[in-house]
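Report on the structure
Chain by chain, the residues:
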Amino acid sequence: MGGSRGGSQSTPAPPPRIPRRVEFRELGGTGQWKQTEASEDGTFTVPKVTPGKYRVSAPGYLAYVKSVRMGETVSEGPVVDLNQGSGGAVVKVTLSSAFGEISGTVQDDKGPAAGARVMLWDMTSPGITMGAVSGADGTYSVKSVAPGTYKLLVVDESETHTITSEPGADDFDERAETVEVRPKETVTRDLKLK
């Protein structure tokens, strides 16, 4: 016997839309920060941006800023120079999801070091850090790293608070390693915990 049951079937609700924003953070100067939500077609407007150099980011997108074009001028990476204003030119932000990764093993005098803190500083945007903690076998992995130049350092618990926002320790340059990450590349760096 066939038949239909009473009632209606409901269509599942679409997943909530993650806000996709474009942010301009001034490098140096007054540290001005502006953000706006991008429309469905990706367009955005940021009013009243004062002259300066800005780091552009796009939270809500699973991507990094690959380049910024203002009129005919293209800047590779996330920095745009608005010291002379935009002159009414359209600013076009190009995103990429071709992240890189840094991984390796942390060792101390006894062998693999579990629970070691690995810190990664973006040298083009001071104050931007990422990190990872090594596993039981001493391995670590920092994923979703935008292409660029970084300083990589393993720190112990006692110094984590002193250099988390900006590398400032006297021996930082001696202990840190410069790492170049390219799109879709995994860089392997083994580190020694002092």
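What comes next is a walk through the structure. (Residues numbered from 1 in each chain as written. Predicted model: local features only at pLDDT ≥ 70, side-chain atom pairs only at ≥ 80, totals over all residues. Heavy atoms only, no water.)

**Focus on the side chain of S134**
Inspection of the secondary structure puts S134 in the loop between β11 (129-133) and β12 (139-145). On the accessibility criterion, S134 (5% relative accessible area) is buried. Polar side-chain contacts of S134 include one of 2.5 Å to the backbone oxygen of A113. Looking at S134, its side chain comes within polar contact range of the main-chain nitrogen of A116, at 2.8 Å. Contacts of S134, omitting those with residues within four sequence positions, involve V106, A113, A114, G115, A116, T139 and Y140. (Helix = DSSP H or I, 4+ residues; strand = E, 2+ residues; numbered from the N terminus. Buried < 20%, exposed > 50% of the residue type's maximum accessible area, 1.4 Å probe, protein only. Polar contact = N/O pair within 3.5 Å; in protein donor to acceptor, adjacent residues only side chain to side chain. Contact = heavy atoms within 4.5 Å.)

**Thoughts on the packing of aromatic side chains**
Under the counting rule described, the total for this entry stands at three aromatic pairs. Relative to Y54, the ring of F24 has its centre 6.2 Å away and its plane inclined at 65°; by these criteria the two rings are edge-to-face. Placement of the pair is F24 in strand β1 (residues 21-26) and Y54 in strand β3 (residues 53-57), with a sequence separation of 30 residues. One aromatic cluster is present, built from ring pairs that chain together F24, F44 and Y54. (Phe/Tyr/Trp six-rings, centres within 6.5 Å; stacked < 30°, edge-to-face > 60°.)

**Considering the side chain of K151**
In this structure, K151 sits in strand β13 (residues 148-155). Engagement of the side chain of K151 in a polar contact is seen with the side chain of T178, the distance being 3.0 Å.

**Focus: unusual backbone geometry**
Only a minority of non-glycine residues have a phi that is not negative, and only a minority of peptide bonds are not trans. Its identity as a non-glycine residue notwithstanding, K48 has a phi of 55°, on the positive side. As for its placement among the helices and strands, K48 is situated in the loop between β2 (33-37) and β3. Here K48 falls in the exposed class, since its relative accessible area comes to 73%. Positive phi is not limited to glycine here, since S144 has a value of about 55°. Mapped onto the elements of the fold, S144 is located in strand β12.

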